[in-house]
Amino acid sequence: MKSENLSNILKSSGFKNIELDNIIESKHILKRSGGNFRQYLFSFYDQRNVEWSLRPDLTLSSVIKFIGTKDQKKTKWSYSGEAYRKQNKNNKSPIIKQTGFEIFGSNTKEKDDYEILKTSINIFKKSKFKKCELNLSNIEIFHVLVNKLTSLPLRWREKIKRHYSREVYFDQLLKKLSDNKDINPKIVEQDKAKAERLRKKDPSKMYSGRSLKEILERFDLKNYQDPRNLSNKNSVKIIKDYLKISCPIEKAPKVLNDFFKKNNLNIFISSDYFPINKNNNKNIKVIFNTNINRTVSYYTGMTFNIEVKTNGKKEVFLSGGRFDNLIKDLGNKKDLNAVGAAINRSIL
C-alpha cells in the first residue's frame, strides 16, 4: 500500500495528520510500563540529569503531545513514524515502522470503537493482502472475571490484573497460587514468632523507609487477613481456561455465558456487546480471542488485531484498542477516554 493511499483513507475518515516528537522523558514510559520495560529503551541523560528516551511506542508520544495542547474536546489524529526498541524475541529489528490513528476524548465508546474497527478494515481492503483474521476481545471481561474469583486473596486479584501484560511474570503468579510451593511453613511460623516480638517495640520506628506499623500491617494482611491457600487452584484453572477461549464472533456471547455458568460466575455478555457481532465478509474472518495484544499494558477495554499471511506465516498487520486511563496517567488533569490503532508498516 502506498503511503499516499493510506493517508487518503485516514484523511477521508476525519483523522488529522500530525508530527510526533522523536524523544520523550523516560519517566512517562516507565510510569506506564514499569521498570521491566527499561531494558528495551534507548535512553540518555541531559545536562540537568533528566533521562530521555527514543520513543518506544507512538501512542505514548501522541498522548503526551495531545496533553500539551490542553484540548479536552474530541480529537482525531493520525501519524507515521518509527518506534525504537532494543531487540528481543518479539522484534527482529530495533526500528518498528508504524502508522497510527486515534480518537481522543472518545466518550461515545460503542460508536468510536466501531469507527476504529471500520477504518482498520478499510485499510486492510486497500492493502495487497486478500484475506485476514480479525481477532476481537475486551479486557474488561477479564477484569470482571478476576474480580468474581473471590476465593483468591484481594491483593492477588489486583496483582493478576495489573500484570496481565507481563506474560512470563503473570504465569509465575498463577503457578504460585496453584501449588504454594514457594511457601515454607517452617519459615512462616518463625516469621510469625518474630512479628509477635516486634509488636512490643515502638511502631513508629523506621526500617528501610517504612515504619514498623506499616510492616506489621502488611505482614498481617498476607498471613492472617488475606492469606493464600490451596483452594486458589480452581480459580487459577478458571483463568487459564478463559484465556484459551477462541470462537467465531457470532458465537462468542453464548460460549462466554456457558463458560461463566459452568463456573458459577454471575457474569452475562449480551448479544450486542461487541462492536462487530457477525461474520459477513468472506475475506475477513472475525474471531473472538481472549488472548491477544497481551504486551500492551495500557489497554482498558476493546482490543483487536488483524492478522495476515505473509511468506507462509501469520503476521500482525494492524492492532489496536481502547485506553481510557492513559491520558490522565500521563499528566492530564481530567479523565479523558481514547481508542486507536497502529499499522505495522514493515509488512506493507
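Here the structure is a predicted model, which means the values were calculated and not measured.

**Section: the sheet that holds strand β3 (residues 43-45)**
Right, on to step 1. Here three strands make up an open sheet; going across it, the order is β2-β4-β3 and the pairing antiparallel. The sheet terminates laterally at β2 (23-25) and β3, the two strands that pair on one side only. The mean angle between the axes of side-by-side strands here comes to 30 degrees, regardless of whether they run parallel or antiparallel.
Right, on to step 2. Here β3 pairs with strand β4 (residues 51-54) via three bridges, running antiparallel. Opposite Tyr45, over in β4, you have Glu51 as the bridge partner.

**Remarks on the packing of helix α7 (residues 167-179) against helix α10 (residues 232-242)**
Right, on to step 1. Interhelical geometry of α7 versus α10 gives an angle of 150 degrees and a closest axis separation of 8 Å. For the element pair α7 / α10, the angle class is roughly antiparallel. Where α7 abuts α10, its residues Phe170, Leu174, Leu177 and Ser178 lie against Asn232, Lys233, Val236, Ile239 and Lys240.
Right, on to step 2. Looking at the contact of α7 with α10, its residues break down into five nonpolar, two polar and two charged.

**Quick look at the side chain of Asn305**
Right, on to step 1. On the secondary structure map, Asn305 appears in strand β12 (residues 302-310).
Right, on to step 2. A distance of 3.2 Å separates polar atoms of two side chains, one belonging to Asn305 and the other to Asn293.
Right, on to step 3. Aside from chain neighbours lying at most four places away, what touches Asn305 is Glu133, Leu134, Asn135, Ile292, Asn293, Val316, Leu318 and Ser319.

**Topic: the confidence of the model for the protein**
Right, on to step 1. Scored by pLDDT, the protein has a mean of 89; 91% of the residues are at 70 or more.
Right, on to step 2. For the protein, the element scoring lowest by mean pLDDT is helix α9 (residues 212-225), at 74; helix α11 (residues 252-262) scores highest, at 98.

**Re helix α3 (residues 58-69)**
Right, on to step 1. For α3, with 12 residues, the first-to-last C-alpha span of 17 Å sits near the 16 Å given by 1.5 Å per residue.
Right, on to step 2. Looking at α3, one finds that the buried residues are Leu58, Thr59, Leu60, Ser61, Ser62, Val63, Phe66 and Ile67.
Right, on to step 3. Of the residues flanking the start of α3, the one acting as N-cap is Asp57, its side-chain oxygen 2.8 Å from the backbone nitrogen of Thr59.
Right, on to step 4. Directly after α3, the chain includes Lys70, whose backbone phi takes a positive value near 60 degrees.

Parameters at a glance
- Residues numbered from 1 in each chain as written.
- Predicted model: local features only at pLDDT ≥ 70, side-chain atom pairs only at ≥ 80, totals over all residues.
- Heavy atoms only, no water.
- Pairing = 2+ DSSP bridges.
- Helix = DSSP H or I, 4+ residues; strand = E, 2+ residues; numbered from the N terminus.
- Axes fitted to C-alpha atoms, helices over the stretch in contact; angles between N-to-C directions.
- Parallel < 35°, antiparallel > 145°, perpendicular 65-115°, else oblique.
- Contact = heavy atoms within 4.5 Å.
- Nonpolar A, V, L, I, M, F, W, Y, C, P; charged D, E, K, R; others polar.
- Polar contact = N/O pair within 3.5 Å; in protein donor to acceptor, adjacent residues only side chain to side chain.
- pLDDT = per-residue confidence, 0-100.
- Expected span 1.5 Å × (residues − 1).
- Buried < 20%, exposed > 50% of the residue type's maximum accessible area, 1.4 Å probe, protein only.

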